[in-house]
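# Chains, contacts and geometry: an overview
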Amino acid sequence: RHDMGMGRDRLGVANLNFNVQRWDEARLRRVVDRVLEETRREPGVEEVAVSSGMPFGMPSRFSISAGIPGRPIGSTGSSMTAVAASPAFFRTIEVPLLYGRPFDDRDHAGAAPVVVLAEGTAARLFGTANAVGRQLVIQTRTGSGASKPIATATVIGVGRDTDTGFLIG
């Protein structure tokens with residue numbers, strides 16, 4: 001009965017743990033591509049995507065800090081949860097985009113980094129201004145607690161907010 005901001009009536013989730021394997025990135029990508037291809041062939045499957053986590057508390061999500069170039073990260077309120085995802089992610093989990101575009105085949109490992117923000121995050125970072133086309137500096141924390149810039153990414157879309165807590169069934 002609770003509106004999570006995403007579809008769940010026809011959603012199946014499988015957790016693939018690659019942490020025990022010592023694969024290089026190229027081999028991992030080949031395996032993931034094969035899982036996607038074979039899953040698409042299954043009867044009844046309409047969409048399939050892979051991601052580093054889900055909005056409802058899967059344990060593989062990671063935290064980042066992000067801010068607007070030229071401003072200290074802390075000044076824009078910016079600790080957030082990030083999910084890396086394949087192009088069909090938003091269609092698969094039925095999270096509507098409010099504006100901009102979802103990930104697609106232009107967004108691959110060799111392409112410039114892009115992000116889709118949740119509407120609350122976009123408002124926190126950019127206020128009422130349109131976030132699409134804006135730049136974000138993304139940082140991670142090092143072992144000493146210091147921030148380390150890892151990328152500058154372009155906002156390509158803004159999606160509806162979703163729950164980020166655990167589902168209790």
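The structure under discussion appears in the preceding block.
Overview of the structure. Note that this is a predicted model, so its numbers are computed, not measured.

So, about the nonpolar core. Within the largest apolar cluster, 15 residues are counted, with the highest numbers of intra-cluster contacts made by Val-115, Leu-117, Phe-126, Ala-131, Leu-136, Ile-138 and Val-155. Phe-89, Ile-93, Val-95 and Ile-156 belong to the second largest nonpolar core, which has 7 residues in total.

Structurally, the position occupied by Ser-86 is in the loop between β2 (79–82) and α2 (89–93). Note on Ser-86: relative accessible area 10%, which makes it buried. Residues in contact with Ser-86, not counting those within four places in the same chain, are Ala-49, Val-50 and Phe-103.

A complete count under the given rule lists 6 salt bridges for this structure. Across the salt bridge formed by Glu-38 and Arg-34, the nearest N and O atoms sit 2.6 Å from each other. Of the two residues, Glu-38 and Arg-34 both sit in helix α1 (residues 25–40), 4 residues apart, roughly one turn of that helix. Here Arg-34 falls in the exposed class, since its relative accessible area comes to 57%. Glu-47 is the salt-bridge partner of Arg-91, the closest N and O atoms lying 3.0 Å from each other. Highlighted residues: Arg-91 in helix α2 and Glu-47 in the loop between α1 and β1 (62–67), separated in sequence by 44 residues.

This paragraph deals with the environment of Ile-68. By the secondary structure assignment, Ile-68 is in the loop between β1 and β2. As a C-alpha pair, Ile-68 and Thr-152 span 84 residues in sequence and 9.3 Å in three-dimensional space.

Applying the stated criterion across every chain yields a total of 2 aromatic pairs. Summarising the aromatic geometry, the rings of Phe-89 and Phe-90 are spaced 5.4 Å apart at their centres and angled 75° between planes, so their arrangement reads as edge-to-face. When the ring of Phe-90 is compared with that of Phe-103, the centres are 5.7 Å apart and the planes differ by 35°; the resulting orientation is tilted. Of the two residues, Phe-90 is situated in helix α2 and Phe-103 in the loop between β3 (97–100) and β4 (114–118); the sequence distance between them amounts to 13 residues. On the basis of relative accessibility, which here comes to 14%, the residue Phe-90 falls in the buried class. On the accessibility criterion, Phe-103 (13% relative accessible area) is buried.

Rules used throughout
Residues numbered from 1 in each chain as written. Predicted model: local features only at pLDDT ≥ 70, side-chain atom pairs only at ≥ 80, totals over all residues. Heavy atoms only, no water. Core = buried A, V, L, I, M, F, W, Y, C linked by side-chain atoms within 4.5 Å. Buried < 20%, exposed > 50% of the residue type's maximum accessible area, 1.4 Å probe, protein only. Helix = DSSP H or I, 4+ residues; strand = E, 2+ residues; numbered from the N terminus. Contact = heavy atoms within 4.5 Å. Salt bridge = Lys/Arg side-chain N within 4 Å of Asp/Glu carboxyl O. Phe/Tyr/Trp six-rings, centres within 6.5 Å; stacked < 30°, edge-to-face > 60°.

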